[in-house]
Amino acid sequence: MASNGARIKVSREPRRQLNNRIAWITVDDGATESECAVADISPGGAKITTEVEFDVKDRLALTLLADHSKRYPCEVVWRRGKTYGLKFVVAEAETEPKAAEPVGAT
């Protein structure tokens, strides 16, 4: 089959990394922490599995390293038994309100 034009480059999401490494989920604003396994992860989200099925809220935090305090806020987008699909939530930058100009300033 002959082609007369340039090939169109298709932009794809980065490949997921299969890890199955231990991580921790935190729910209830840090009150409850549970161990989980990260099945795969990408810049946009992750798939995790837990030892026991539990009722998780729509939002939780994922900690990837035991000795690291960085928690990634996540939204649960699907649940299948003990497996959960998470989307990383990006916090919107807070903007400071502009100071009002003094009256009579020109």
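Scroll up to find the structure this text is about.
Throughout, a residue's number is its position along its own chain's written sequence, starting from 1. For this predicted model, a pLDDT threshold of at least 70 governs which residues receive local features, and a threshold of 80 or more governs which side-chain atom pairs are given and counted, while totals over whole chains, interfaces and linings are taken from all residues. With hydrogens and water set aside, each side-chain value is computed from the structure's full complement of heavy atoms.

## Side note on the layout of surface pockets
For clarity, the cut-off: Only protein atoms enter the 1 Å grid used here, on which a cavity is any set of points holding a 1.4 Å probe that cannot leave and a pocket is any open set flanked by protein within 12 Å on both sides along at least five of seven lines; residues with an atom within 4 Å of a point are listed as lining. Grid points are joined across faces, edges and corners, and a volume is the space filled by probe spheres set on the points. Each residue is assigned to one of three groups, with Ala, Val, Leu, Ile, Met, Phe, Trp, Tyr, Cys and Pro labelled nonpolar, Asp, Glu, Lys and Arg labelled charged, and all others, Gly among them, labelled polar.
Space inside the largest pocket adds up to approximately 160 Å³. As for the largest pocket, its lining consists of 13 residues, of which Thr 26, Asp 29, Arg 59, Leu 60 and Ala 61 are closest to the centre. Here the lining of the largest pocket is built from residues that sort into six nonpolar, two polar and five charged.

## Focus: the nonpolar core
Nonpolar side chains in soluble globular proteins tend to end up buried together. Note the threshold: Buried Ala, Val, Leu, Ile, Met, Phe, Trp, Tyr and Cys residues form a nonpolar core when they are joined through side-chain atoms within 4.5 Å. The buried label applies to any residue whose accessible area, calculated with a 1.4 Å probe on protein chains only, is under 20% of its type's maximum; exposed applies above 50%, and partly exposed to all values in between. Here, residues are in contact when the closest pair of their heavy atoms is within 4.5 Å.
Ile 48, Leu 60, Leu 62 and Leu 86 are the most contacted members of the largest nonpolar core, which totals 17 residues. Once you skip the residues sitting within four places of it in the chain, Ile 48 turns out to touch Ile 25, Cys 36, Ala 37, Val 38, Ala 39, Leu 62, Lys 82, Thr 83, Tyr 84 and Leu 86.

## Section: the packing of aromatic side chains
What counts is decided by this rule: Two aromatic rings from Phe, Tyr or Trp, using only the six-membered ring of Trp, form a pair when their centres are within 6.5 Å; if the ring planes differ by under 30 degrees the pair is stacked, by over 60 it is edge-to-face, and anything between is tilted. Helix and strand definitions here come from DSSP, where helices need a minimum of 4 consecutive H or I residues and strands a minimum of 2 consecutive E residues; each element is numbered from the N-terminal end. Our definition puts a charge over a ring when NZ of Lys or CZ of Arg is within 6 Å of the ring centre and also within 35 degrees of the ring normal.
All told, the structure shown has one aromatic pair when counted by the stated rule. Here Tyr 72 and Phe 88 contribute two aromatic rings whose centre-to-centre distance is 6.0 Å and whose plane-to-plane angle is 55°, an arrangement assigned as tilted. Of the two residues, Tyr 72 sits in strand β5 (residues 72-80) while Phe 88 sits in strand β6 (residues 83-88), which places them 16 residues apart along the sequence. On the basis of relative accessibility, which here comes to 18%, the residue Phe 88 falls in the buried class. Residue placement shows Arg 80 over the ring face of Trp 78; its charged tip is 4.2 Å from the ring centre.

## Comments concerning the pairing of β5
Rules: The criterion for strand pairing is that DSSP finds at least two bridges linking the strands in question.
The pairing of strand β4 (residues 59-63) with β5 spans four bridges and is antiparallel. The residue bridging Leu 60 from the neighbouring strand is Cys 74, located in β5. Pairing of β5 with β6, which is carried by six bridges, proceeds in the antiparallel orientation. Residue pairing in the sheet places Cys 74 in a bridge with Phe 88 of β6. Hairpin connection between β5 and β6: a loop of two residues separates the two successive antiparallel strands, and Gly 81 in this loop has a positive phi of roughly 65°.

## Notes on the pattern of salt bridges
Note the cut-off: Basic side-chain nitrogens of Lys or Arg form a salt bridge, by our definition, when they fall within 4 Å of a carboxyl oxygen of Asp or Glu.
On inspection of all chains with the given rule, the structure shows three salt bridges. Here Asp 58 and Arg 79 are joined by a salt bridge, their closest N and O atoms 3.4 Å apart. Separated by 21 residues along the polypeptide, Asp 58 in the loop between β3 (45-49) and β4 and Arg 79 in strand β5 bring together distant segments of the chain. Residue Arg 59 is joined to Glu 75 by a salt bridge in which the shortest nitrogen-to-oxygen separation is 3.6 Å. Here Arg 59 is found in strand β4, whereas its partner Glu 75 is found in strand β5, with 16 residues between them in sequence. For Glu 75, a relative accessible area of 24% gives the class partly exposed.

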